[in-house]
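For reference, the chains in residue letters:
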Amino acid sequence: MPPLNILLSRIVLPALNVATPSSSMCHTTPILSANDAAAVCFLPPSMTWHRRRARSLVLPLLQRYTSAIASMLLRRIFTISIACRFASFTQMNALILWVHEPEVRHAMLANKALKAMTNKIKELQVVVEIACGNKTVYVNGVREAYIDLYGCTIEEDILDCVYDMPLKKTLLALISSNRHSKETTKKEIAVEDASKMHEAIRKRRLDDDSFLWILSTRSISQLRETFATYQQLFDHSLEQDDLENLLIAAIRCTCNPEKHFAKVIRESMIGIGTDEESLNRAIVSRAEVDMLKIEIEYAAMFHSNLVKDICGDTSGSYQNFLMTLMGKDPLE
């Protein structure tokens, strides 16, 4: 497979009138054909071509351009490939997500969800996934990447784009959280917090300041202790209460992100057609984080094999790409 820097230097950049990278990145290789351009679309499932090595060809070049231009360059490659029936728009979107650094990827996903202007929970839960499924240092990295990409904070876009006040208040509290990473827990705090959360739920005040403060500032370990205490005190879990879907997603991402993403993947394949955006988001963002745990959780929750289900709902090079990210061979 020819290096991506050659593909971009010889095919894509001239077509877009973008400055060519330094001569040290260019070679005397003749201009490559559409077949060569298409080669980048296929990351074979064989583990001899590891996903980290594939990314190592892409990132040095992407770092020379803004993310907007980098995405445009990749889209141009896929336009060539799709025209020759080598790839699909679904795979193009998955690859564009994958080649970016995780913080940049999440910033792009959050911006897309907010700018959709539909305020649907299904779209906005990506903000919850960022805030509740990662450590504070990572969330701060996403916030910095968002500013670099879009010239404003993610909080400003939440204020501008989310119209429902309780939903807006919840998202702002979660994304602005500043949790500490200590593993220590205190039972007395867990009992007090569980009681406050139960009272807020009883009164249907799910945007209650105390409720959101607990959810957005307590450490992950302390929250898990609180959720366990809640079940002991009230004989049912928080998830079984009449909560908004966004809060259920927040609780799942905090306690058990593998369970949340297993559910996202499952729901992306239920019904007619496939929700490729949700499937791409779940697999690309968790491929090098906890995909094995997600696979185990998926089997426990749905009594089904994750790889078999994905292969049954996808095909061709797109299927190969997803299987490669998961470290699997596609099933025949």
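See the structure printed just above.
Every chain begins its residue count from 1, and numbering advances along the sequence as written. Whole-chain, interface and lining totals are the exception, using all residues; otherwise, since this is a predicted model, local features are given only for residues with pLDDT of at least 70 and side-chain atom pairs are given and counted only at 80 or more. Note: side-chain values were computed over all heavy atoms of the structure, leaving out hydrogens and water.

> I would appreciate a short explanation of the packing of helix 14 (residues 245-255) against helix 15 (residues 257-269) in the present structure.
For any two helices packed against each other, one specifies the inter-axial angle together with the distance between the axes. Following both chains from N to C, one finds helix 14 and helix 15 inclined at 130°, their axes separated by 5 Å at the closest point. In terms of axis orientation, helix 14 runs oblique to helix 15. Here Ala-249, Arg-252, Cys-253 and Cys-255 of helix 14 lie close against helix 15, whose contacting residues are Pro-257, Lys-259, His-260 and Lys-263. Classes in brief: Ala, Val, Leu, Ile, Met, Phe, Trp, Tyr, Cys and Pro nonpolar; Asp, Glu, Lys and Arg charged; the others, Gly included, polar. A per-class count over the contact of helix 14 with helix 15 returns four nonpolar, one polar and three charged. Only C-alpha atoms enter the line fits that serve as axes; for helices the fit covers just the stretch in contact. Angles between N-to-C directions range over 0 to 180 degrees. Counting from the N terminus, the helices are the DSSP runs of H or I reaching at least four residues and the strands are the DSSP runs of E reaching at least two. Under this scheme an angle from 65 to 115 degrees is roughly perpendicular, one under 35 degrees roughly parallel, and one over 145 degrees roughly antiparallel; angles in between are oblique. In what follows, a contact means two residues having at least one pair of non-hydrogen atoms within 4.5 Å.

> Would you mind showing me how to read helix 8 (residues 136-150) here?
One turn of the α-helix equals 3.6 residues, which is why residues spaced by three or four share an orientation. To estimate how far a helix should extend, the number of its residues minus one is multiplied by 1.5 Å. Between its terminal C-alpha atoms helix 8 stretches 21 Å, which fits the 21 Å expected from 15 residues at 1.5 Å a residue. Residues Thr-136, Tyr-138, Val-139, Gly-141, Val-142, Ala-145 and Tyr-146 constitute the buried set of helix 8. Here the buried face of helix 8 lies against helix 6 (102-115), helix 7 (121-132), helix 9 (154-161) and helix 10 (165-175). Immediately beyond the C-terminal end of helix 8, within one or two residues, lies Gly-151, with a positive phi of roughly 70°. Working definition: with a 1.4 Å probe on protein chains only, accessible area under 20% of the residue-type maximum means buried, over 50% means exposed, and in between means partly exposed.

> What is the right way to look at the packing of aromatic side chains in this model?
Note on aromatic pairs: each is described by the distance of the centres and the angle between the planes. What counts as a ring pair is set by centres within 6.5 Å for rings of Phe, Tyr and Trp (its six-membered ring), and what kind of pair is set by the plane angle: stacked under 30 degrees, edge-to-face over 60, tilted for all other angles. Tallied over the entire structure, the rule returns four aromatic pairs. For the ring pair Trp-98 and Phe-321, a centre distance of 5.9 Å and an interplane angle of 85° mean the geometry is edge-to-face. Separated by 223 residues along the polypeptide, Trp-98 in helix 5 (residues 89-99) and Phe-321 in helix 19 (residues 316-326) bring together distant segments of the chain. Given the relative accessible area of 2%, Phe-321 is considered buried.

> Explain the nonpolar core to me, please; I cannot follow it from the model alone.
Grouped together as the largest cluster of nonpolar side chains are 79 residues, with contacts concentrated most on Leu-171, Phe-211, Leu-215, Leu-243, Ile-265, Ile-283 and Ile-310. Discounting residues that sit within four places of it in the chain, Ile-310 has contacts with Ile-265, Met-269, Ile-283, Leu-322, Met-323 and Met-326. Nonpolar cores are built from buried Ala, Val, Leu, Ile, Met, Phe, Trp, Tyr and Cys residues. Side-chain atoms within 4.5 Å join them into one set.

> Would you mind showing me how to read the pattern of salt bridges here?
Close approach of charged atoms lets side chains of opposite charge pair. Any carboxyl oxygen of Asp or Glu that lies within 4 Å of a side-chain nitrogen of Lys or Arg is treated as forming a salt bridge with it. Evaluation of the coordinates by the stated rule reveals 15 salt bridges. Residue Lys-112 is joined to Glu-277 by a salt bridge in which the shortest nitrogen-to-oxygen separation is 2.9 Å. Separated by 165 residues along the polypeptide, Lys-112 in helix 6 and Glu-277 in helix 16 (residues 276-286) bring together distant segments of the chain. What makes Lys-112 partly exposed here is its relative accessible area of 48%. Assessed through its relative accessible area of 51%, Glu-277 is described here as exposed.

> Whenever I open this one, unusual backbone geometry confuses me. Can you help?
Note: most residues except glycine have negative phi, and most peptide bonds are trans. Unusually for a residue other than glycine, Asp-235 sits at a positive phi of about 65°. Relative to the helices and strands, Asp-235 resides in the loop between helix 13 (220-234) and helix 14. A relative accessible area of 70% places Asp-235 in the exposed class. The backbone phi angle of His-303 is positive, close to 50°, even though this residue is not glycine. If you trace the backbone, His-303 turns up in the loop between helix 17 (291-302) and helix 18 (306-313). On the accessibility criterion, His-303 (74% relative accessible area) is exposed.

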